[in-house]
Amino acid sequence: MTGFESVPPSPPISTGSELDDTLVAPPPPLRRRLIRRPSFAIGDLDVAAGKSAIGEIPVSRLVTGNRMSIPINVLHGRHEGPVVWLSAAVHGDEIGGVEIIRRSLQGLDPKTLAGTVVAVPIVNVHGFVNGDRYLPDRRDLNRSFPGSANGSLAARIANLFLTEIVSRCDVGIDLHTGSDHRTNLPQIRADLEDPRTRDLAISFGAPFMMHAKLRDGSMRAAATATGATVLLYEGGEAWRFDRAAIEAGVVGVGRVLARLGMVTTLDEPVGLDGATAVPQPVESRSSGWVRVRRSGIAGIDVELGQLVERGQIVATVRDSVGRRLSQARANRSGLVIGLTRQPLVNQGDAIIHIAELLDRPAATAAPADLPIPPPVASPSESPTP
C-alpha cells in the first residue's frame, strides 16, 4: 500500500461507432420564454411594447368651454431601455422644435427601439395657438416650474408637465429657438459639470455648448431636481423654420438616443475619410451681449459662428438718410453665438451675443470659422439681454 486510495479505471469512451446503453440522450434544448415588456400608461394612452400611439393630456378649458390639451406621441420600444422625453414650444412662438420632433420620430421604429420616447411637440398650447411666447396670463411658462396644481394657469401647466411627463422619464431634451427677432448658433445649454449630462451634451454634437447654471423656475431646474438628466437645445428663430437649426437638432437627438443605447443605427453624414464621428463642440462658461449706443438702423458686420476680437467693429448704426451715428465694438474676444435680425434698434438694445471660449482657436475676420450651417436663435435660458 502506498497510502493512496486506488482510483477505478474510467469507463471506455464511446466513439459513436457502436451503441452504448450506458449513455443518456442529451435533454431537449430549453425554450427561452419571451418576457413581454409592460405597457406604458400616460394621459389617455396605454401603449403596448413595440407600438406607438398619439394621445393628449387635458390642461384646461377655454372660455368657450372647449377643452385644451397637450398633444403627445409615445413610442414604446419592444426592448428595455431608458425613457426619454422630447419637448418643444414651451414658449408658444418657438416652432422650430416642433419640426425637429416630427422628423426625429420618423426614423424611430418601436419594434426595434430599446426604451421609450415620449414626444411633447407643443407644451404651451395656449401660446402656440395665439402666436404668443407667453400664456394668456402673460406668464413665462419656463419661469413657472415646478408650479402647483392649484396655482395660476402657468403654474398648473408646469405642474402637469412634471407629474405626467418628467416623473416617468430618465432623460429630457427641451428644444428652443430665439425670440424677439434674434437668431442663434445651434447650441446645447446644460450643466456641464455633471458627468452624465456632459457626456450627452458632447454626444449631441452641436457646434457649441454652454455651461449654464440652473435657473429658478425653469423646466431644466425642476426636472433636474427630480433626478432627470436634461439638455436644452437652442437653434433657429421664432416663428421660422430654420433648415440648418432643424437639421442640427434632428441629428443631435438621434445621436443622444444612440448614446443611450436606444437605437443602433444613425443616418449620419459621412466625411471625406468615410468616418461619421461626432464633432467635438467648442465650450464656453461665460458670454455677453453687445449693445448699441444710439438709436437708428443697424448694419451687422459679423455672422453666426464667427470668431471676433475684443474691440473689433461688429455693427454700424446709421440714421434714415445714411449718416453714421455710432459703431458697436465687441466687448470681449470669442464666438458669435447670437445676433439680431431686426435692423431697427433703440439705444441700449442687445444686438450681438458673444461667448468666451475655453480653448479658443485663432480669430479671423471671415464668417463660418466653425464647420456649421448658416442661420440659426436666441437662448431662452440666457440672461435677458
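Rules and cut-offs
Residues numbered from 1 in each chain as written. Predicted model: local features only at pLDDT ≥ 70, side-chain atom pairs only at ≥ 80, totals over all residues. Heavy atoms only, no water. Salt bridge = Lys/Arg side-chain N within 4 Å of Asp/Glu carboxyl O. Helix = DSSP H or I, 4+ residues; strand = E, 2+ residues; numbered from the N terminus. Expected span 1.5 Å × (residues − 1). Buried < 20%, exposed > 50% of the residue type's maximum accessible area, 1.4 Å probe, protein only. Contact = heavy atoms within 4.5 Å. Pairing = 2+ DSSP bridges. pLDDT = per-residue confidence, 0-100. Core = buried A, V, L, I, M, F, W, Y, C linked by side-chain atoms within 4.5 Å.

1. Here's the deal with the pattern of salt bridges
Per the stated rule, a full pass over the model turns up 16 salt bridges. Between E193 and R285 there is a salt bridge; the shortest N-O distance is 3.1 Å. Taken together, the residues span a long stretch of sequence, with E193 in the loop between β8 (182–190) and α4 (195–204) and R285 in strand β11 (residues 282–291) at a distance of 92 residues. Through salt bridges with shared partners, one network takes in E193, R198, E283 and R285.

2. Considering helix α3 (residues 153–164)
When the terminal C-alpha atoms of α3 are compared, their 16 Å separation across 12 residues agrees well with the 16 Å that a helix rising 1.5 Å per residue should span. For α3, every residue scored as buried is listed here: A154, A155, I157, A158, L160, F161 and L162. Looking at the buried side of α3, the elements it contacts are β3 (51–61), β4 (67–76), β5 (79–88), β6 (114–120), α2 (125–130) and α5 (219–225).

3. Let's talk about the sheet that holds strand β14 (residues 313–318)
Read from one edge to the other, the open sheet built from 4 strands follows the order β15-β14-β12-β17, with strand pairing classed as antiparallel. Across the chains shown, the open sheet's two edge strands, defined by having one partner strand only, are β15 (324–329) and β17 (344–345). Pairing of β14 with β15 involves 5 bridges; the strand directions are antiparallel. Opposite I313, over in β15, you have R329 as the bridge partner.

4. As for unusual backbone geometry
The linkage connecting F145 with the following residue, P146, adopts the cis geometry, with an omega of 5 degrees. Its place among the elements puts P146 in the loop between α2 and α3. Positive phi outside glycine occurs at H181, with the angle close to 60 degrees. Looking at the secondary structure, you find H181 in the loop between β7 (171–176) and β8. One non-glycine residue, W239, lies in positive phi territory at about 60 degrees. Mapped onto the elements, W239 comes out in the loop between β10 (229–236) and α6 (243–259).

5. Brief notes about the confidence of the model for the protein
For the protein, the average pLDDT comes to 87, and 81% of its residues sit at 70 or higher. Scored below 50 in pLDDT, residues 363–384 shows 84 contacts in the model against residues more than four places distant or in partner chains.

6. Remarks on the environment of M209
With respect to the helices and strands, the residue M209 is situated in strand β9 (residues 208–211). Given a relative accessible area of 1%, M209 falls into the buried group. The contact partners of M209, leaving out residues within four places of it in the chain, are I188, L192, R198, A201, I202, P281, V282, E283 and S284.

7. What about the nonpolar core?
Among the nonpolar cores identified, the biggest contains 35 residues, and W85, V118, F161 and I165 are the most heavily contacted of them. Sorting the residues of this core by element identifies β1 (40–42), β2 (45–47), β4, β5, β6, α3 and α5 as the ones contributing at least two each. Setting aside residues up to four positions removed in sequence, F161 forms contacts with W85, S87, V120, V123, F145, V166 and M219. One finds L105, V117, V256 and M262 within the second-largest nonpolar core, a separate group that totals 33 residues.

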